[in-house]
Amino acid sequence: MRGSDSDALKKMAAIEAAKLVQSGQIAGLGSGSTCKFLLEELGRRAKNGLEFFGIPTSRETKKLAKEQGLKVLPAEKAEKIDIAIDGADEIDPELNLIKGYGGALLREKVVASKAGIFVVIADESKMVKRLGKKGILPIEISKDSYPGIIDALKDFKPALRNVNGKPFITDSGNFILDLNTGKTDLSYAERRLKKTSGVLETGLFILMASHAIIGTKRGVMHLRPKNAHYEAINHGNVS
Ligand code: 5RP
């Protein structure tokens, strides 16, 4: 798919998702190119009277939100987040996600986990049958732990993320490692990573999204997790 085609699909999903934000709400604002369209649409709606506070998941999102005239709050100031909307790098049929190709996964996970509803938006190229298709799992690590983690996770061929020949530093002052997970069972990988000292967060977002809005060549699709039991648990409406 050409970039301009996928941008049109991202925009379609973002515009649809922006309809979910209502006046009086606190909304988590994700990071990345799909969310840029979301911010533009929320900015347009704010000019027409929508009043809400946004919780940006990155400095870039904060800057873009302010440029759109949106009111923002830091995550720690928000007692509750009504809804969070964010992009993803891979989405499986249960709406489990891999995130973090943009390097904002730690704050994105904090905001998504505080949100009453977490909605993922993307173009259809992000849909996969099983997570791990692209073979990369980003994790955020503390800088001090870098040498030890490289050794502890060497079977995942960890690559320190670089930008212009220098290590990429996240908004929280940490490093990102891109792990080559290959065919590894990702739930095993997650358990191992959570036990590894210095790993602050992983890009696996399991059982977090309750709804996906996907831009496709045939129009916008609204998806719920395929497994109805999981959906019911997430909505707290198991009778
Ligand atoms: C950043 C992310 C982004 O949500 C993810 O990379 C998707 O980005 P894009 O909308 O540009 O494809 O996880 O950490």
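Here, every reference points to the structure presented above.
Participant: Which residues make up the packing of aromatic side chains, and what are the values?
Facilitator: Evaluation of the coordinates by the stated rule reveals 2 aromatic pairs. Aromatic pair Phe118 and Phe205: ring centres 6.3 Å apart, planes at 40 degrees, arrangement tilted. Of this pair, Phe118 sits in strand 7 (residues 115-123) while Phe205 sits in strand 14 (residues 204-205), and the two are 87 residues apart along the sequence. Given the relative accessible area of 2%, Phe118 is considered buried. On the basis of an interplanar angle of 85 degrees and a centroid distance of 5.7 Å, the ring pair of Tyr146 and Phe175 is categorised as edge-to-face. Of this pair, Tyr146 sits in helix 5 (residues 146-152) while Phe175 sits in strand 12 (residues 175-180); the two residues are 29 residues apart in sequence, bridging distant segments of the chain.

Participant: Let's hear about the site of the ligand: which residues, and what values?
Facilitator: The ligand sits among 18 residues. The nearest are Ser33, Thr34, Asp89, Gly100 and Lys126. One nitrogen or oxygen atom from the main chain of Gly103 is found 3.4 Å from an oxygen atom belonging to the ligand. In the environment of the ligand, an oxygen atom lies 2.6 Å from a nitrogen or oxygen atom belonging to the side chain of Lys126. Those elements giving two or more residues to the shell around the ligand turn out to be helix 2 (33-47) and helix 4 (105-114). Of the residues that constitute the shell around the ligand, the class distribution is 4 nonpolar, 8 polar and 6 charged.

Participant: Can you break down the sheet that holds strand 5 (residues 90-91) residue by residue, with the values?
Facilitator: The sheet built from 3 strands is open, its strands ordered 5-6-14 with antiparallel pairing. Of all the strands in the sheet, the pair left with one neighbour each is strand 5 and strand 14.

Participant: A description of the pairing of strand 15 (residues 211-216) should follow, citing residues and the corresponding values.
Facilitator: Most of strand 15 is tucked away: 6 of the 6 residues are buried. Across the two faces of strand 15 the burial is the same, with His211, Ile213 and Gly215 and Ala212, Ile214 and Thr216 all buried. Direction of pairing for strand 7 relative to strand 15: parallel, over a ladder of 5 bridges. By the bridge assignment, Val119 is partnered in strand 15 with His211. Taken together, the 5 bridges between strand 15 and strand 16 (residues 219-223) define a ladder with antiparallel strand orientation. Bridging from a neighbouring strand, Thr216 pairs with Gly219 of strand 16.

Participant: Pulling in residues and values, what's your account of the pattern of salt bridges?
Facilitator: Applying the stated criterion to the full structure yields 13 salt bridges. Residue Glu16 is joined to Lys19 by a salt bridge in which the shortest nitrogen-to-oxygen separation is 2.9 Å. On the accessibility criterion, Lys19 (53% relative accessible area) is exposed. Note that Asp86 and Lys99 form a salt bridge whose closest N and O atoms lie 3.1 Å from each other. Placement of Asp86 in strand 4 (residues 81-86) and of Lys99 in the loop between strand 6 (97-98) and helix 4 is noted, with a sequence separation of 13 residues between them. We note that Asp86, like Lys99, is buried. One salt-bridge network, in which partners are shared between bridges, spans Lys109, Glu190, Lys194 and Glu201.

So, how was this worked out
Residues numbered from 1 in each chain as written. Predicted model: local features only at pLDDT ≥ 70, side-chain atom pairs only at ≥ 80, totals over all residues. Heavy atoms only, no water. Phe/Tyr/Trp six-rings, centres within 6.5 Å; stacked < 30°, edge-to-face > 60°. Helix = DSSP H or I, 4+ residues; strand = E, 2+ residues; numbered from the N terminus. Buried < 20%, exposed > 50% of the residue type's maximum accessible area, 1.4 Å probe, protein only. Near = heavy atom within 4 Å. Polar contact = N/O pair within 3.5 Å; in protein donor to acceptor, adjacent residues only side chain to side chain. Nonpolar A, V, L, I, M, F, W, Y, C, P; charged D, E, K, R; others polar. Pairing = 2+ DSSP bridges. Salt bridge = Lys/Arg side-chain N within 4 Å of Asp/Glu carboxyl O.

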